[in-house]
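This is what each chain is made of:
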Amino acid sequence: MVSCWSEMRNILFKVTYDAAKAALPAILVCLLPVCAGAQSYDLLLKGGHVIDPKNGIDQSMDLGIKGKTIARVARDIPPGEALKVIDVSGLYVVPGLIDPHAHVFFGSDPEKGFNGGASSVSPDAFSFRSGITTIVDAGDAGWRNFPDFRKQVIEQSDTRVLAFINIFGHGLTSGSGIYKMDDIDIDSTLSMVRRYPDDIVGVRIGHFLGKSWVPFEAALKSAQQSNRPLLLECHTPELSLDELLERMRPGDIFTHAFGAVNDRLSILDEEDKIQSYVLEAREQGIVFDVGHGGGSFHYSLAVPASEQGLFPDTFGTDLHRYSMNGGMKDMLNIMSTYLTLGQRLKEVIAGGSWKAAKAIQRSDLGHLDEGGVADIAVLKVEKGNFGYVDSGGNRIDGNKKLNAELTIREGEIVWDQNGLSAKRWQENQ
């Protein structure tokens, strides 16, 4: 009986072994995708110098990305744990940059300027190549046309586009500064904010030539009731700068802060000392933004202010058709200008990322938190001879310049200056 059972066991083993052997190729084909997906990270940035102001990181570290999120930031992540490894040695790995002041409600209507016309520009054409993953439109649209702006620009862009809503219903119609008071509607503005809370980060007032305080007070009230910051642009000549700053709240944003414009008081007195009301506003928590643009950044203010310790909090470009080919160029050019003016690299990166995120109340952005969105810029500090030009055509010379080598938006490589992520071409394939 034992011999019979033994023989039967041997027969069953042989049948099972032969069947498994025959099925082995099919089993391997099925297992290969599983094994390939077993890596902890889709993308690994290896050997870079991480600067993450929010988390106080300023050292060499690796960064692993899984899907759309940052999975790990650590001293040494084994390359075998990632599907794709990019050597970023000698480069700076920083949060995706945030431009808090741009004009991107572009369109083809010749009758319109910034609100659906040719004065504004497409965000994707300028963002990623400068390390920018988030652009904030500076009030091109108001409560009447914000849905059009959202459909035409926000929903169509690969760049994350946010916006300040203009207190005037038609938005930034032109540079004339002439608006009708019946275009102001606080309730309609607030209704639009409630309708698009993830898109609208604040309320904007500027380019108003009248003597009335009604537009400013309406914008401020709308910002207060929506728990969002107010963005104050220049070109309000009848409203005194000291009174404007006095009425603003901590967290409100003062853009074009370093522009020597002829329709606004200067931040400096006649002896080039910072005005006392400017220092008080800074101490109260007013955010000072560059807002370079085509005519709103001048060394006659920026240099003395920097020498007295007044550097910008954020580096808004005031990007539009008439500024992109002038002294402004792009956000990294502005940041490089301030490196030349003596601001430390870590502080410049903070102004382009975490400080900007806080200014627009988006704490989900501007940092490299594990579990956070994988918006990342890989920057190179070029050494050489560079010239930086202000809005008046004046140049200062520097020996450092920031360039974007790689930009990652939600885990996807969207800009690769020198093909760091590309396969090397082999002549004999």
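Residues numbered from 1 in each chain as written. Predicted model: local features only at pLDDT ≥ 70, side-chain atom pairs only at ≥ 80, totals over all residues. Heavy atoms only, no water.

## What to know about the overall build of the chain
Okay, step 1: A tally of regular secondary structure across the chain gives 10 helices and 15 strands.
Okay, step 2: With 429 residues in all, the chain has 52% of them scored as buried.
Okay, step 3: Sequence-distant contacts in the chain: of pairs separated by 6 or more residues, those separated by 24 or more amount to 72%.
Okay, step 4: Accessible surface, the chain: about 19700 Å² in total, of which carbon and sulfur atoms supply 50%. (Helix = DSSP H or I, 4+ residues; strand = E, 2+ residues; numbered from the N terminus. Buried < 20%, exposed > 50% of the residue type's maximum accessible area, 1.4 Å probe, protein only. Contact = heavy atoms within 4.5 Å. Areas by Shrake-Rupley, 256 points an atom, 1.4 Å probe, with all protein chains shown as cover.)

## Quick word on the pattern of salt bridges
Okay, step 1: In this structure the tally under the stated criterion is 19 salt bridges.
Okay, step 2: Between R249 and D252 there is a salt bridge, and its shortest N-O distance comes to 2.8 Å. (Salt bridge = Lys/Arg side-chain N within 4 Å of Asp/Glu carboxyl O.)

## Overview of the sheet that holds strand β12 (residues 287-288)
Okay, step 1: Read across the open sheet, the seven strands follow the order β6-β7-β8-β9-β10-β11-β12; overall the sheet is parallel. Looking at the sheet topology across the chains shown, the edges are occupied by β6 (97-102) and β12.
Okay, step 2: As judged from the two bridges shared by strand β11 (residues 253-254) and β12, these two strands associate in the parallel manner. Note that in β12 the partner of I253 across the bridge is V287.
Okay, step 3: Strand contacts of helix α2 (residues 146-154): β7 (132-142), β8 (160-166) and β9 (200-205), with the helix running at about 160° to β8, the strand carrying the most contacts.
Okay, step 4: Packed onto the sheet, helix α4 (residues 214-225) meets β9 and β10 (230-232) and runs at close to 165° relative to β9. (Pairing = 2+ DSSP bridges. Axes fitted to C-alpha atoms, helices over the stretch in contact; angles between N-to-C directions.)

## Concerning unusual backbone geometry
Okay, step 1: One non-glycine residue, H207, lies in the positive phi region at around 55°.
Okay, step 2: Residue position: H207 is located in the loop between β9 and α4.
Okay, step 3: Looking at H207, the relative accessible area reads 15%, which means it is buried.

## What about the packing of helix α8 (residues 331-340) against helix α9 (residues 345-352)?
Relative orientation and spacing of two packed helices are given, respectively, by the angle between their axes and the distance between those axes.
Okay, step 1: Across the interface, α8 lies against α9 with an axial gap of 10 Å and an inter-helix angle of 150°. Considering the relative orientation of α8 and α9, their crossing is right-handed. Side by side, α8 and α9 meet where M331, M335 and L339 of the first sit next to L345, V348, I349 and G352 of the second. (Left-handed = near helix turned anticlockwise from the far one by under 90°.)

## Concerning the side chain of N333
Okay, step 1: Considering the arrangement of structural elements, one finds N333 in helix α8.
Okay, step 2: Residue classification places N333 among the buried positions, given a relative accessible area of 4%.
Okay, step 3: For N333, the contacting residues outside a window of four places in its chain are G327, M328, Y388 and K401.

## Considerations on the nonpolar core
Okay, step 1: Core analysis: the largest hydrophobic core is formed by 85 residues, its most contacted members being F149, F216 and F254.
Okay, step 2: Top contributing element to this core by residue count: α8, with six residues.
Okay, step 3: Ignoring sequence-local partners within four residues, the contact set of F216 consists of I205, L230, L232, L239, L244, R247 and M248.
Okay, step 4: One finds L43, M61, L63 and V88 within the second-largest nonpolar core, a separate group that totals 19 residues. (Core = buried A, V, L, I, M, F, W, Y, C linked by side-chain atoms within 4.5 Å.)

## Digging into the packing of helix α3 (residues 186-195) against α4
Okay, step 1: Running from amino to carboxyl end, α3 crosses α4 at an angle of 35°, the nearest separation of the two axes being 10 Å. The element α3 and its partner α4 pack so that their crossing is right-handed. For the pair α3 and α4, contact is made by I186, T189 and L190 and by A218, K221, S222 and Q225, respectively.
Okay, step 2: Residues belonging to the contact of α3 with α4 are distributed by class as follows: three nonpolar, three polar and one charged. (Nonpolar A, V, L, I, M, F, W, Y, C, P; charged D, E, K, R; others polar.)

## Topic: the environment of Q308
Okay, step 1: One can find Q308 in the loop between α7 (299-307) and α8.
Okay, step 2: Here Q308 falls in the partly exposed class, since its relative accessible area comes to 36%.
Okay, step 3: For the pair Q308 and I274, spaced 34 residues apart in sequence, the C-alpha separation works out to 7.8 Å.

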